[in-house]
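Read off the chains here:
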Amino acid sequence: MVSEYYSPQVIDHFEHPRNAGAMEDADAQAYVTNPVCGDSLRLFLRIEDDHITRASFLSSGCPASIATSSAATELLAGKPLAEAEALTREAYADAVGGLPKSKIHCSVLAASAVRQAVAEWRNRLDPLAPSDGVA
Ligand code: FES
C-alpha cells in the first residue's frame, strides 16, 4: 500500500519501538547506513539451530526506518535463517502497513542489515565457505 501518510502501524512502532537496544549476548550483528540520508541501523541477532530466536536494534533514523526496524525484530523472531534472508524491503514495509512513496527506501536498512548479519555469522562459522552472492 502506498500513501502520502504514515500508517497507524508506523506511528505505533515509531512511538513504541519493540526490542530497541543493544543485545549483550548477540551471535551476530550488522551496521548499515543509507548513503543518501545518513540514517543508520545496528541490528543484533541471537541464533540457535539455524533460527533467529531474538532480534534487537539501535537506530539513528527517520520514523520509517525506526518503525521498519522495530517491526523487523518481531518478524525475525523464530524465523529460519534462509527465510529471514529472503525477506525483502517490501516485506518490512508491509509489516508496518506500507510506507509513503517518498519513504519506501527506508525499509532497505532492515533488509540489508538482516542479510549482512546472517552472512557475517555464516562467515564466522565457516570462513572458507563460498559466498552465495546475497547482498
Ligand atoms: S530518510 Fe533515511 S532511512 Fe528514512
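Before going into details, it helps to say that this report is about the structure given with it. (Residues numbered from 1 in each chain as written. Predicted model: local features only at pLDDT ≥ 70, side-chain atom pairs only at ≥ 80, totals over all residues.)

### Observations concerning helix H2 (residues 63-76)
Defined as follows: Helix and strand assignments follow DSSP, with helices taken as H or I runs no shorter than four residues and strands as E runs no shorter than two, numbered in order from the N terminus. Each helix should span, by expectation, one fewer than its residue count multiplied by 1.5 Å. The exposure scheme places C-beta atoms from the backbone and then counts, for each residue, the other C-beta atoms within 10 Å of its own, assigning buried at 20 or more, exposed at 12 or fewer, and partly exposed in between.
Its 14 residues give H2 an end-to-end C-alpha distance of 20 Å, which sits within 8% of 20 Å, the value for a rise of 1.5 Å per residue. Most of H2 sits out of view: 12 of its 14 residues are buried. Along H2, the positions that sit buried rather than exposed are Ala 64, Ser 65, Ile 66, Ala 67, Thr 68, Ser 69, Ser 70, Ala 71, Ala 72, Thr 73, Leu 75 and Leu 76. Following H2 by one or two positions, Gly 78 has its phi on the positive side, about 90°.

### Concerning the nonpolar core
The line we're drawing: Nonpolar core, as used here: buried Ala, Val, Leu, Ile, Met, Phe, Trp, Tyr and Cys residues forming one set through C-beta atoms within 7 Å.
The biggest cluster of nonpolar side chains holds 36 residues, and the ones touching the most others in it are Leu 43, Leu 45, Ala 72, Ala 110, Ala 113, Val 114 and Ala 117. Elements with a contribution of two residues or more to this core: strand S2 (28-33), strand S3 (40-48), strand S4 (51-60), H2, helix H3 (81-86), helix H4 (89-94) and helix H5 (108-125).

### Comments concerning the environment of Ala 93
Heads up, the rule is: With C-beta atoms placed from the backbone, a contact is any residue pair whose C-beta atoms sit within 7 Å.
Take Ala 93: it is sitting in helix H4. Separated by 18 residues in the primary sequence, Ala 93 and Ala 111 have C-alpha atoms spaced 10 Å apart. When near neighbours in sequence (up to four residues on either side) are disregarded, Ala 93 contacts Thr 68, Gly 98, Leu 99, Ile 104 and Ser 107.

### Examining the packing of helix H1 (residues 8-15) against H2
The condition is simple: Angles run from 0 to 180 degrees between N-to-C directions of axes, and those axes are lines fitted to C-alpha atoms, restricted for helices to the stretch in contact. To sort the angles, those under 35 degrees are grouped as roughly parallel, those over 145 as roughly antiparallel, those from 65 to 115 as roughly perpendicular, and the leftovers as oblique. Think of it as three bins: nonpolar holds Ala, Val, Leu, Ile, Met, Phe, Trp, Tyr, Cys and Pro, charged holds Asp, Glu, Lys and Arg, and polar takes everything else, Gly as well.
Closest axis-to-axis distance for the H1/H2 pair is 8 Å, and the angle between their directions is 85°. The angle between H1 and H2 places the two elements in the roughly perpendicular class. Every residue of H2 that contacts H1 at Val 10, His 13 and Phe 14 is listed here: Pro 63, Ala 64, Ile 66, Ala 67, Ser 70 and Ala 71. The residue inventory of the contact of H1 with H2, partitioned by class, reads seven nonpolar, two polar and no charged.

### Things to note about the environment of Val 10
Assignment of secondary structure puts Val 10 in helix H1. Given 26 C-beta atoms within a 10 Å radius, Val 10 is considered buried. Remark: the alpha-carbon pair of Val 10 and Gly 98, spanning 88 residues in sequence, is separated by 8.2 Å.

### Regarding the packing of H2 against H5
Filter applied, for reference: Left-handed describes a crossing in which the near helix is turned anticlockwise from the far one by less than a right angle; the clockwise case is right-handed.
The geometry of H2 relative to H5 is characterised by a closest axis approach of 8 Å and an angle of 40° between their N-to-C directions. Here H2 is positioned oblique relative to H5, judged by the angle of their axes. Note that H2 runs across H5; the crossing there is right-handed. Contact residues: Ser 65, Thr 68, Ser 69, Ala 72 and Leu 76 in H2; Leu 109, Ala 110 and Val 114 in H5. Classifying every residue of the contact of H2 with H5 by side-chain character gives five nonpolar, three polar and no charged.

### With respect to H5
Helix length check: H5, at 18 residues, gives a terminal C-alpha distance of 26 Å against a target of 26 Å (1.5 Å per residue), a fit within 8%. When H5 is considered as a whole, its buried residues turn out to be Leu 109, Ala 110, Ala 111, Ala 113, Val 114, Ala 117 and Val 118. For H5, the elements touching its buried residues are S2, S3, H2, H3 and H4.

### As for the sheet that holds S2
Operational definition: DSSP bridges decide pairing: two strands pair if at least two such bridges lie between them.
Taken in spatial order, the three strands of this open sheet run S2-S3-S4, and their pairing is antiparallel. Either end of the sheet is taken by a strand with one partner, and the two such strands are S2 and S4. Going from strand to strand, the sheet's axes swing by 15° on average, the running direction of each strand aside. Note: S3 against S4, nine bridges, orientation antiparallel. Bridged to Arg 42 within S4 is Leu 58. Helix-sheet contacts for H2 involve S3 and S4, and the interaxial angle to S4 is about 170°. Along the sheet, H5 contacts S2 and S3; its crossing angle with S2, the most-contacted strand, is approximately 140°.

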